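Next come the chains, spelled out residue by residue.
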Amino acid sequence: MLIAGFPAGAWGTNCYLVAPAAGEECVIIDPGHQAAQGVEEALKKHRLKPVAVVLTHGHIDHVASVVPVCGAHDVPAWIHPEDRYMMSDPEKALGRSIGMPLMGELTVGEPDDVKELTDGSKLTLAGLDFGVSHAPGHTKGSVTFGMPEAADIPPVLFSGDLLFAGSVGRTDLPGGDHAELLKSLARVCLPLDDSTVVLSGHGPQTTIGRERFSNPYLNGLDAVPRRGL
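Residues numbered from 1 in each chain as written. Predicted model: local features only at pLDDT ≥ 70, side-chain atom pairs only at ≥ 80, totals over all residues. Heavy atoms only, no water.

Considerations on the overall build of the protein
Piece 1. Across its full length, the protein carries seven helices and 14 strands.
Piece 2. Against the 2.2 N^0.38 benchmark of 17 Å for 229 residues, the protein shows a C-alpha radius of gyration of 16 Å, consistent with a compact globule.
Piece 3. In terms of principal-axis extent, the alpha carbons of the protein reach across some 45 × 45 × 25 Å.
Piece 4. Looking at the 229 residues of the protein, the share that counts as buried comes to 52%.
Piece 5. For the protein, contacts bridging at least 24 residues in sequence account for 63% of all contacts bridging at least 6.
Piece 6. Carbon and sulfur atoms make up 51% of the accessible area of the protein, which totals about 10,000 Å².
Piece 7. Distance from the positive charge centre (17 side chains) to the negative charge centre (28 side chains) of the protein: 1 Å. (Helix = DSSP H or I, 4+ residues; strand = E, 2+ residues; numbered from the N terminus. Rg over C-alpha atoms; globule rule 2.2 N^0.38 Å. Buried < 20%, exposed > 50% of the residue type's maximum accessible area, 1.4 Å probe, protein only. Contact = heavy atoms within 4.5 Å. Areas by Shrake-Rupley, 256 points an atom, 1.4 Å probe, with all protein chains shown as cover. Lys, Arg positive; Asp, Glu negative; His and termini not counted. Charge placed at Lys NZ, Arg CZ, Asp CG, Glu CD.)

In structure tokens form, the structure reads like this:
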């Protein structure tokens, strides 16, 4: 499996391209602020053909390049229905204090084809299976995408802004809820195997085992049984 990731834009948001191998179809995860050029460079470098964009949540730093990327390749975007409005009204999601000068530089709106994610569903895209888990707390419509272990590759969790290396997503923006975030961590993350690689929306990769041991936000949380990735 091929996973190509890079930080993009003013917020350093991680965008990922996932494919069975170089020269194959791929899925693009979270093309955010100023990510379009990096996406095109990664597609060319690895000879990939995108079939879909999938979004962990609707904040502008994760969706700002959805319209140009989907438009350039005629592919759909998948997002949870509770965050769909953010694509067209990002200031409402972040609070008006963000200001027009910054927002005026960004492309907002929905691509031509938008599909909605549901908790517990499985997306089969580019020959890969992605398990969808609704994980509210950072936003009401936050989700994670899990990929099971395959051959010699450990399981992978694309955690968005739910779980970071050593931290968790902020909950002080509209739709944020710290208690809900803790519930999502207990239900979505803690039951996973320690070997699960966590690829988050910001910062370096980590593992569930490392975070279970050292992340202060996970201290005292008990895992809630779930279906797996």
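Describing the nonpolar core
Note that soluble globular proteins tend to have their nonpolar side chains buried in a common cluster.
Piece 1. Counting residues in hydrophobic clusters, the biggest one holds 26 residues, and the most contacted among them are Leu-17, Ile-28, Val-53 and Val-66.
Piece 2. Listed by contribution, the elements that provide at least two residues to this core are strand S1 (2-8), strand S2 (13-19), strand S3 (25-29), helix H1 (36-46), helix H2 (60-63), helix H3 (66-73) and strand S5 (77-79).
Piece 3. Residues in contact with Ile-28, not counting those within four places in the same chain, are Cys-15, Tyr-16, Leu-17, Val-39, Pro-50, Ala-52, Val-53, Val-54 and Val-69.
Piece 4. Ranked by size, the runner-up nonpolar core spans 21 residues in total, among them Ala-52, Phe-130, Phe-145 and Val-156. (Core = buried A, V, L, I, M, F, W, Y, C linked by side-chain atoms within 4.5 Å.)

What about H3?
Piece 1. Within H3, burial applies to Val-66, Val-69 and Cys-70. Viewed end-on, H3 has its buried residues packed into an arc of 95 degrees, placing them on one side of the element. In H3, those exposed residues whose orientation departs by more than 90 degrees from the buried face are Gly-71 and Ala-72.
Piece 2. Looking at the packing, one finds that the buried side of H3 touches S3, H1, strand S4 (49-54), H2 and S5.
Piece 3. The first or second residue beyond H3 is Asp-74, which carries a positive phi of 55 degrees. (Arc of directions from axis to C-beta.)

Notes on the side chain of Thr-206
Piece 1. Among the structural elements, Thr-206 can be located in strand S14 (residues 206-207).
Piece 2. Overall, Thr-206 belongs to the buried group, its relative accessible area being 2%.
Piece 3. Looking at Thr-206, its side chain comes within polar contact range of the side chain of Glu-211, at 2.6 Å.
Piece 4. Not counting residues within four places of it along the chain, the set of residues in contact with Thr-206 comprises Ala-165, Thr-196, Val-197, Val-198 and Glu-211. (Polar contact = N/O pair within 3.5 Å; in protein donor to acceptor, adjacent residues only side chain to side chain.)

Here we look at the sheet that holds S14
Piece 1. Strand order in the open sheet formed by six strands is S7-S8-S9-S10-S13-S14, and the pairing between neighbours is mixed. A single partner strand is all that each edge strand has here, and the edge strands are strand S7 (122-125) and S14. (Pairing = 2+ DSSP bridges.)

Some words on the sheet that holds S4
Piece 1. Reading across the sheet, the six strands line up as S1-S2-S3-S4-S5-S6 and stay open at both edges, with mixed pairing between neighbours. Pairing within the sheet leaves two strands with one partner each, and these edge strands are S1 and strand S6 (114-116). Geometrically, the sheet is characterised by an average inter-axis angle of 25 degrees between neighbouring strands, direction not taken into account.
Piece 2. Across seven bridges, the pairing between S1 and S2 is antiparallel. In the strand pairing of S2, Pro-7 is matched with Asn-14. (Axes fitted to C-alpha atoms, helices over the stretch in contact; angles between N-to-C directions.)

Quick word on the pattern of salt bridges
Once the charged atoms of two side chains with opposite charge are near each other, the side chains can pair.
Piece 1. Taken as a whole and judged by the stated rule, the model has eight salt bridges.
Piece 2. A salt bridge links Arg-170 to Asp-172, with the nearest nitrogen and oxygen atoms 2.7 Å apart.
Piece 3. Linked through salt bridges whose partners overlap, the residues forming this network are Arg-84, Glu-110 and Glu-116. (Salt bridge = Lys/Arg side-chain N within 4 Å of Asp/Glu carboxyl O.)

Section: the state of the cysteines
Piece 1. With the rule as written, the count across this model stands at zero disulfides.
Piece 2. Cys-15 provides the cysteine sulfur closest to Cys-26, a residue in no disulfide bond, and the two sulfurs are 9.5 Å apart.
Piece 3. The exposure class assigned to Cys-26 is buried, which follows from its relative accessible area of 0%.
Piece 4. The closest cysteine sulfur to the non-disulfide-bonded Cys-70 is located on Cys-15, 11 Å from its own sulfur. (Disulfide = S-S within 2.5 Å.)

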